[in-house]
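Summary of the model geometry
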Amino acid sequence: MSPRSIRRRFVLVAFLGWLPAGLMMAPQVLLMTSRGVELAEIGVVFSIYGLTVMALELPTGGLADVIGRRMVVVASAVFTVAGLSVLALATSTGMFVVAMVLKGMARALSSGPVEAWFVDALHEAEGPEADLKPGLAAGSVAASVALCGGVLAGGLLPLVVPGESLTVPIWAGAGAGVVLLVVVLVVLREPARGPKASLGTVLHGVPLAIRSGFGVAIRDRGVGRLLLVSAGLGVMLNAIEMLTPGRLAVLTGGVETGSTAYALVAAVGFAANAAGSSLAPWFARRFATSERAAIAGTIATALAVGGLAASVALAGLAGMIGAGSGYILIFAALALSEVIRMELLHRRVVSGLRATVLSVNSLLLQAGGTLSAVALGALAATGGVAWAWAVCAAVMLLLALLYVRLPAPRIEGCSADEAQSTA
């Protein structure tokens, strides 16, 4: 495959991979409440989803490094279709829990293999010094466009389709999952991996890949720092997504109007994230090193979070403009630093452990959000959302320090024996 073909395939799969999530984002909570699930139960259902993702992140990343990226992405598409189908048909809390477990399995399976496939394929085509930023940026843009378009379509479809309208976007998401399944089978071609792995080989190889993935973070301080950034981002992103809807509900005067306002703000936020991702290669060239560019992007994100916290002092239309602008700027600035961070990470990890390390990255993102949710929620309840967001702004400033004097990459990322044993 040519480098151009590799990038096109990566962008297509990235778009289709996130489209189901965008389509079901707006109606899923309303569907649960319309079918008799209490808000407290909805919180439990979503926590089960998060725990499922966290529990499976590393095993699925190791699985992708052992049996190949393509089949893991296919399995993710299958679980996506199953999870959204159960979600559309669910009539009880138990069925919604089953749906969230299936969706969590799909999310864990999809968290690293597509990007790992792209990096490996581009390295094979152009060599280990290939510039990853344009392709990674294009993939991030595609994901953001899918989420933006999906959340808008998911919010509009119930208005134009009669009957069980809230299920229409969810069924559309399941259909998008079927399209993803077919496309992955056609376009994600992998080099031959030798004889088909036996069950014993898989059971032995997955734990070894997980251990080796963590070993890279321990041995290579640069990898460890870059992964630690993900945990801090989880703290910030969880607080933004958890507290912004309530803030908009206060400003608009009702839960329903707040939900609509949040859907619109979220859609524009995804579009801003796409714009930021597309500008990331240009942004990186404005600085002497990628590390300095990542510091600048992280500081810009911290300032945007601080602006969101300051907007709490405003009311009415001014408050809505301030909250919406802060939210949008956060995702635009974050995209600049994240594309650069991921390239810095990929340059430190060998192919045989790439999907596992990406799963560690995703696990830390989930863990940061999950473990901080109770504390930040309590802080917002007692001191107000401004204090919770101010803490997040401080966390982002601290993350910028992790890029200062980042150790030079250890190109091997692990020993040759480890790389061979997990490839």
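Going by the structure above, here's the rest.
Here goes a summary of the coordinates provided. (Residues numbered from 1 in each chain as written. Predicted model: local features only at pLDDT ≥ 70, side-chain atom pairs only at ≥ 80, totals over all residues. Heavy atoms only, no water.)

Things to note about the overall build of the chain
- Of regular secondary structure, the chain possesses 16 helices and zero strands.
- A buried classification covers 52% of the 423 residues belonging to the chain.
- Considering only intrachain contacts with a sequence separation of at least 6, the fraction spanning at least 24 residues in the chain is 85%.
- Carbon and sulfur atoms make up 71% of the accessible area of the chain, which totals about 17500 Å². (Helix = DSSP H or I, 4+ residues; strand = E, 2+ residues; numbered from the N terminus. Buried < 20%, exposed > 50% of the residue type's maximum accessible area, 1.4 Å probe, protein only. Contact = heavy atoms within 4.5 Å. Areas by Shrake-Rupley, 256 points an atom, 1.4 Å probe, with all protein chains shown as cover.)

Overview of the packing of aromatic side chains
- In total, this model carries three aromatic pairs according to the counting rule given.
- Ring centres 4.5 Å apart and planes at 15 degrees place the aromatic pair Phe10 and Phe118 in the stacked group. Of this pair, Phe10 sits in helix H1 (residues 3–25) while Phe118 sits in helix H6 (residues 113–126); the two residues are 108 residues apart in sequence, bridging distant segments of the chain. The pair Phe10 / Phe118 is uniform in exposure class, with both members buried.
- One cation-aromatic arrangement involves Lys103 over Tyr49; the distance from NZ or CZ to the ring centre is 5.4 Å. (Phe/Tyr/Trp six-rings, centres within 6.5 Å; stacked < 30°, edge-to-face > 60°. Lys NZ or Arg CZ within 6 Å of the ring centre and 35° of its normal.)

Side note on the packing of H1 against H6
- Interhelical geometry of H1 versus H6 gives an angle of 175 degrees and a closest axis separation of 9 Å. Judged by the angle between their axes, H1 and H6 are roughly antiparallel. From H1, Pro3, Ile6, Arg7, Arg9, Phe10 and Val13 reach across to H6, where they touch Val114, Glu115, Trp117, Phe118, Ala121, Leu122, Ala125 and Glu126.
- Residue classes in the contact of H1 with H6 are distributed as 10 nonpolar, no polar and four charged. (Axes fitted to C-alpha atoms, helices over the stretch in contact; angles between N-to-C directions. Parallel < 35°, antiparallel > 145°, perpendicular 65-115°, else oblique. Nonpolar A, V, L, I, M, F, W, Y, C, P; charged D, E, K, R; others polar.)

Re the environment of Gly326
- Note that Gly326 resides in helix H13 (residues 316–346).
- Along the chain, Gly326 and Ser311 lie 15 residues apart, while their C-alpha atoms are 7.9 Å from each other.
- Sequence-distant contacts of Gly326, defined by excluding residues within four places in its chain, comprise Ala304 and Leu308.

Some thoughts on the pattern of salt bridges
- Evaluated as defined, the whole model comprises six salt bridges.
- Residue Lys133 is joined to Glu343 by a salt bridge in which the shortest nitrogen-to-oxygen separation is 3.1 Å. Of this pair, Lys133 sits in helix H7 (residues 133–160) while Glu343 sits in helix H13, and the two are 210 residues apart along the sequence.
- Residue classification places Glu343 among the buried positions, given a relative accessible area of 3%.
- Taken together, the shared-partner salt bridges connect Asp131, Lys133, Glu343 and Arg347 into one network. (Salt bridge = Lys/Arg side-chain N within 4 Å of Asp/Glu carboxyl O.)

Details of a nonpolar patch on the surface
- Judged by side-chain polarity, Val178, Val182, Leu185 and Val186 come together as a nonpolar surface patch covering roughly 330 Å² of accessible area.
- Val182 sits in the partly exposed class, given a relative accessible area of 48%. (Patch = residues over 30% accessible without salt bridge, like charges linked within 9 Å, V, L, I, M, F, W, Y side chains within 5 Å.)

Observations regarding helix H15 (residues 385–401)
- Taking 1.5 Å of rise per residue, the 17 residues of H15 would be expected to cover 24 Å, and the 25 Å separating its terminal C-alpha atoms lies within 8% of that figure.
- Buried within H15 are the following residues: Ala388, Trp389, Cys392, Ala393, Met396, Leu399 and Ala400. Seen end-on, H15 carries its buried residues on one side only, within an arc spanning 145 degrees. What points out from H15, more than 90 degrees from its buried face, is the exposed set Trp387, Leu398 and Leu401.
- The secondary structure elements touched by the buried residues of H15 are helix H10 (221–252), helix H12 (290–310) and helix H14 (354–383). (Expected span 1.5 Å × (residues − 1). Arc of directions from axis to C-beta.)

Focus on the side chain of Ser362
- Its location among the elements puts Ser362 in helix H14.
- When sequence neighbours within four positions are dropped, the list of residues in contact with Ser362 reads Glu57, Arg107 and Ser111.

As for the environment of Leu317
- Within the secondary structure, Leu317 sits in helix H13.
- Taking the C-alpha atoms as reference points, Leu317 and Thr252, separated by 65 residues in sequence, lie 8.7 Å from one another.

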